[in-house]
Amino acid sequence: MKTIIEPFRIKSVEPIRMTTPRQRRQYLRQAGYNLFRIPAAHVIIDLLTDSGTGAMSSEQWAGVMRGDESYAGASSYYRFLEVVEQLTGMRNILPTHQGRASERILVEVMIGSGQAGRGRLVPNNAHFDTTRANIEHSGAEAVDLLTSQGTSPTHLAPFKGNMDLAKLETLLDERADDVPFVMLTITCNSNGGQPVSLENLQAVRALCDRYGKSLFLDAARFAENAWFIKQREPGRAGQSVSQIVREMFELADGATISAKKDGLVNIGGVLLIRDDALFRKACDLLILTEGFVTYGGLAGRDLEAMAVGFREVLDEDYLRYRIRSIQYMGEKLLAGGVSIVQPPGGHAIYIDATDFCPHIPKMQFPGQAVACGLYELGGIRSCEIGSVMMGELAVMESVRLAVPRRTYTQSHIDYVIEVVLALKTKAHKLRGFRIIEQPQALRHFTARFEPM
Ligand SMILES: *Cc1c(COP(=O)(O)O)cnc(C)c1O
């Protein structure tokens, strides 16, 4: 059969409360036209983020009941260890409460505390914002080295998350002493969830070896990345996703993982460091802020849910459906004349807001206009990724529709497509915004807007 269906049935449901455009206009006014300020109960389809918003399986919920809440050495911890070791081949494993906790500890271990990173640089294909913030907090500079294909929104290429090897080589050649370690983000969130090929990963490894640098993966979406490799990289179709995942991790000296993505849990993270001495340092730091090394800021039940999630995410029927559901939305929007970032990545569709409403200048936040339009028309919550979020650094005005894992059915996605296409027909009526109130930093979370 050609039709790819959701490879699960629903055992427990959560009602969605329907609202009318009139109600939503009022909610928008009350929220200062900032979707982060809208109560989730007033959202029909929530595509704000795919982080921690997925549905757990019946096995994960059963694990929650089995969770061992002992302070030290809980049996849930040992089950978590066994699964992560099998997944990655690494032995030195710490649980953390989420990805950024792993990043904070890694940065302190590899760079130091205070402003120890002054004058140093950490290259990555593209840093996720919390990774960048943690690196910059140490005084170091976070450098993005995507290929030019990777930064072009419509260039069709199979691995747009790849590191630009020539740029990395130049940087290592000129500044080797200033580079404490190299990172690679799989899939690359910052340019739309684009995958990195094994060939690229191997080449980055070889460069790191040549210059004596360790390589850490930011592996939040390791399974989605492995599925793309299996589908797109020559010679990989015959391998299982778990073999590919293992091969990816074997090329690294460690990894930070936000389990809120491919861990299929609502909260959790992992830090992996092969080197024993560095790992001991990380253990000491973990105790300062996260808790004891066998629970890392989580409850035993969270460790249990992660252990099950990290196994379930390797299910190829699940990954086929997951990636297909994003592509399906992308294809329908493209066919309806909506310009999007191509090809679709693993977890979201990005609408080109400048193309969607060309009459709204960049200074009046076209992405905010589209995001508020989708909410008013259909109760869909999306996320502006453009000048509101990135300020001067924005390379594109876009609206991200991030899809939570195993949460929405195809008819929900069809509804989203219908709303986007309906908004497109009256996009000329959308108005831009001005900011009337904003904090010092990270303004997208709390700023208030007013329609022009
Ligand atoms: C979500 C994410 C993180 C941070 O993880 P949190 O669990 O949100 O702290 C880091 N890197 C990437 C690529 C991510 O997507």
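Residues numbered from 1 in each chain as written. Predicted model: local features only at pLDDT ≥ 70, side-chain atom pairs only at ≥ 80, totals over all residues. Heavy atoms only, no water.

*Asks:* Is there a simple way to explain the nonpolar core in this structure?
*Replies:* The nonpolar side chains of a soluble globular protein tend to be buried with one another. Ranked by internal contacts, the top residues of the largest apolar core, which has 66 residues, are Phe80, Phe222, Met248, Phe249 and Phe310. Both domain 1 (21-50 + 315-451) and domain 2 (58-312) contribute no fewer than three residues apiece to this core. In this structure, phenylalanine 249 is in contact with Leu87, Thr88, Met90, Leu217, Ala219, Phe222, Ala255, Ile257, Leu272 and Arg274, ignoring residues within four places of it in sequence. Tyr27, Leu28, Val419 and Phe433 belong to the second-largest nonpolar core, a separate cluster that totals 46 residues. (Core = buried A, V, L, I, M, F, W, Y, C linked by side-chain atoms within 4.5 Å. Buried < 20%, exposed > 50% of the residue type's maximum accessible area, 1.4 Å probe, protein only. Domains from an automatic or database assignment. Contact = heavy atoms within 4.5 Å.)

*Asks:* Help me out: how do you make sense of the site of the ligand in this one?
*Replies:* If you check the shell around the ligand, you find 14 residues, and the closest are Arg100, Asp218, Arg221, Ser258 and Lys261. In this structure, an oxygen atom belonging to the ligand sits 2.8 Å away from a side-chain N or O atom of arginine 221. Taking 380 Å² as the accessible area of the ligand by itself, protein coverage stands at 98%. Tallied by class, residues from the shell around the ligand come to 2 nonpolar, 6 polar and 6 charged. (Near = heavy atom within 4 Å. Polar contact = N/O pair within 3.5 Å; in protein donor to acceptor, adjacent residues only side chain to side chain. Areas by Shrake-Rupley, 256 points an atom, 1.4 Å probe, with all protein chains shown as cover. Nonpolar A, V, L, I, M, F, W, Y, C, P; charged D, E, K, R; others polar.)

*Asks:* What is the right way to read a nonpolar patch on the surface from this model?
*Replies:* Side chains of Phe36, Leu442 and Phe445 sit close together on the surface and give an oily, nonpolar patch of about 280 Å² of accessible area. Residue class for phenylalanine 445 comes out partly exposed when judged on its relative accessible area of 40%. (Patch = residues over 30% accessible without salt bridge, like charges linked within 9 Å, V, L, I, M, F, W, Y side chains within 5 Å. Salt bridge = Lys/Arg side-chain N within 4 Å of Asp/Glu carboxyl O.)

*Asks:* I would appreciate a short explanation of the packing of aromatic side chains in the present structure.
*Replies:* Across all of its chains, the model carries 12 aromatic pairs by this definition. Seen from their ring centres, phenylalanine 181 and phenylalanine 216 are 5.7 Å apart, and the 80 degrees between their planes marks the pair as edge-to-face. In this pair, phenylalanine 181 is assigned in the loop between helix H7 (165-175) and strand E5 (182-185) and phenylalanine 216 in strand E6 (residues 215-218), connecting sequence segments 35 residues apart. The class for phenylalanine 181 is buried, based on a relative accessible area of 0%. Judged by its relative accessible area of 1%, phenylalanine 216 falls in the buried class. (Phe/Tyr/Trp six-rings, centres within 6.5 Å; stacked < 30°, edge-to-face > 60°. Helix = DSSP H or I, 4+ residues; strand = E, 2+ residues; numbered from the N terminus.)

*Asks:* What should I look at first to understand the domain arrangement of the protein in this one?
*Replies:* Accessible area lost when the parts come together is the quantity often used to give the size of an interface. You can read the domains of the protein as domain 1 (21-50 + 315-451) and domain 2 (58-312). Distance from the C-alpha centre of domain 1 to the C-alpha centre of domain 2: 28 Å. Regarding the contact of domain 1 and domain 2, the summed buried area is about 2000 Å², with carbon and sulfur atoms giving 52% of it. Counting the contacts that link domain 1 with domain 2 gives 6 salt bridges. For arginine 406, the salt bridge is made with glutamate 312, and the minimal N-O distance between the two is 3.0 Å. At 7 residues, helix H13 (residues 316-335) tops the list of elements feeding residues into the side of domain 1 that touches domain 2. Of the residues in the side of domain 1 that touches domain 2, the class split is 9 nonpolar, 5 polar and 8 charged. (Buried area = accessible area lost by both parts, 1.4 Å probe.)

*Asks:* Just to check I follow, could you spell out the side chain of arginine 405 for this structure?
*Replies:* On the secondary structure map, arginine 405 appears in the loop between strand E12 (398-402) and helix H17 (410-425). Polar side-chain contacts of arginine 405 include one of 3.0 Å to the side chain of glutamate 224. At 3.2 Å, the side chain of arginine 405 and the side chain of aspartate 262 are in polar contact. Not counting the four nearest positions on each side in its chain, arginine 405 is found in contact with Asp50, Gly54, Ala55, Arg221, Glu224, Lys260, Lys261, Asp262, Leu264, Tyr318, Arg322 and His347.

*Asks:* Is there a simple way to explain the sheet that holds E5 in this structure?
*Replies:* Taken in spatial order, the 5 strands make up an open sheet running E2-E8-E7-E6-E5, and their pairing is mixed. The open sheet has two free edges, formed respectively by strand E2 (93-96) and E5, since each of these has just one partner strand. In this sheet, adjacent strand axes meet at a mean angle of 15 degrees when their direction is disregarded. In this structure, E6 lies alongside strand E7 (residues 254-258), joined through 3 bridges in parallel fashion. Among the inter-strand pairings, leucine 217 is bridged to a residue of E7, identified as alanine 255. Running over the sheet, helix H3 (residues 75-88) touches E2 and strand E8 (269-273) and is turned about 120 degrees from E2. (Pairing = 2+ DSSP bridges. Axes fitted to C-alpha atoms, helices over the stretch in contact; angles between N-to-C directions.)

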